[in-house]
Amino acid sequence: TARPLTITATGQNRVYDGSTAATVTLSDNRVSGDAITLSSTSASFADKNVGTAKPVSVSGLSITGADLGNYTVSSSTSTTADITARPLTITATGQNRVYDGTTAATVTLSDNRISGDALTLASTSASFADKNVGTAKPITVSGVSVTGTDAGNYSFSTSANTSADITARPLTVSGI
């Protein structure tokens with residue numbers, strides 16, 4: 001009679017990419033020397049989110065080769081793998097302003113998130129290096145935070161750097 005072929009899947013860890021797609025390596029308990037090839041039609045995580053030892057379903061298992069008639073095979077198996085956090089690059093763009101005697105700066109934050117992911121960026125402060133007029137003046141942004149449904153799928157720096165101009169303030173002089 002045909003030998004039951006036990007196919008084992010080993011899940012491959014990967015970085016978050018916004019999908020449930022998984023990659024597995026298949027192995028089996030074939031008789032040494034038998035010519036068979038294993039394949040599957042799909043492998044997927046239960047959800048797209050970061051986590052360790054996440055369930056992976058493997059379906060459409062099949063065998064081909066000269067000795068395939070000697071075996072029976074199940075059409076699915078399962079395993080686990082990790083999805084690790086994707087590095088999120090946060091970019092600050094400084095806004096030019098007129099001299100006001102302070103180092104306060106305004107910035108706009110952007111990032112390289114996976115299209116469709118729900119994230120909100122914020123920072124607690126943005127400051128010019130000094131209060132004086134100048135072009136391309138360094139700005140330090142601190143307290144960067146990321147919130148939203150998909151925030152847990154990313155790792156990020158809590159600071160950023162950029163630059164902007166402080167232009168001269170018009171001075172109005174009036175006579176007595």
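Above this note sits the structure.
Criteria and cut-off values
Residues numbered from 1 in each chain as written. Predicted model: local features only at pLDDT ≥ 70, side-chain atom pairs only at ≥ 80, totals over all residues. Heavy atoms only, no water. Pairing = 2+ DSSP bridges. Helix = DSSP H or I, 4+ residues; strand = E, 2+ residues; numbered from the N terminus. Buried < 20%, exposed > 50% of the residue type's maximum accessible area, 1.4 Å probe, protein only. Contact = heavy atoms within 4.5 Å. Phe/Tyr/Trp six-rings, centres within 6.5 Å; stacked < 30°, edge-to-face > 60°.

Asks: Before we go on, may I ask you to explain the sheet that holds strand E3 (residues 14-15) in this structure?
Replies: Strand pairing in a sheet relies on backbone hydrogen bonds. The paired strands run either parallel or antiparallel. Spatial strand order, E3-E10-E7-E6: four strands in an open sheet with mixed pairing. Edge positions in the open sheet fall to E3 and strand E6 (42-45), since each of these has one partner strand only. Sheet topology places E3 next to strand E10 (residues 76-84); two bridges connect them, and they run parallel. Within E10, the position partnered with Arg14 by the bridge is Ile83.

Asks: I keep staring at the pairing of strand E20 (residues 159-167) and nothing clicks. Help me out?
Replies: The side chains of a regular strand alternate between both faces of the sheet. Alternating residues of E20 divide into Ala160, Thr162, Ala164 and Ile166, all buried, and Ser159, Asn161, Ser163, Asp165 and Thr167, none buried. As defined by bridge partners, strand E13 (residues 97-98) adjoins E20 across two bridges and the pair is classed as parallel. The partner of Arg97 across the bridge, within E20, is Ile166. Bridging between strand E17 (residues 134-142) and E20 involves seven bridges; their strand directions are antiparallel. Counted as the bridge partner of Ser142 is Ser159 from E20.

Asks: Please explain the environment of Ser44 as it appears in this structure.
Replies: Mapping Ser44 onto the fold places it in strand E6. Here Ser44 is in contact with Thr20, Ala22, Pro55, Val56 and Ser57, once residues within four sequence places are set aside.

Asks: Any chance you could explain the packing of aromatic side chains here in plain terms?
Replies: To describe a pair of aromatic rings, one takes the distance between the centres and the angle between the planes. One pass over the full model with this rule turns up one aromatic pair. Arranged with centres 5.5 Å apart and planes meeting at 70°, the rings of Tyr16 and Tyr154 form a pair that is edge-to-face. Of this pair, Tyr16 sits in the loop between E3 and strand E4 (24-28) while Tyr154 sits in strand E19 (residues 154-155), and the two are 138 residues apart along the sequence. With respect to burial, Tyr16 and Tyr154 carry one shared label: buried.

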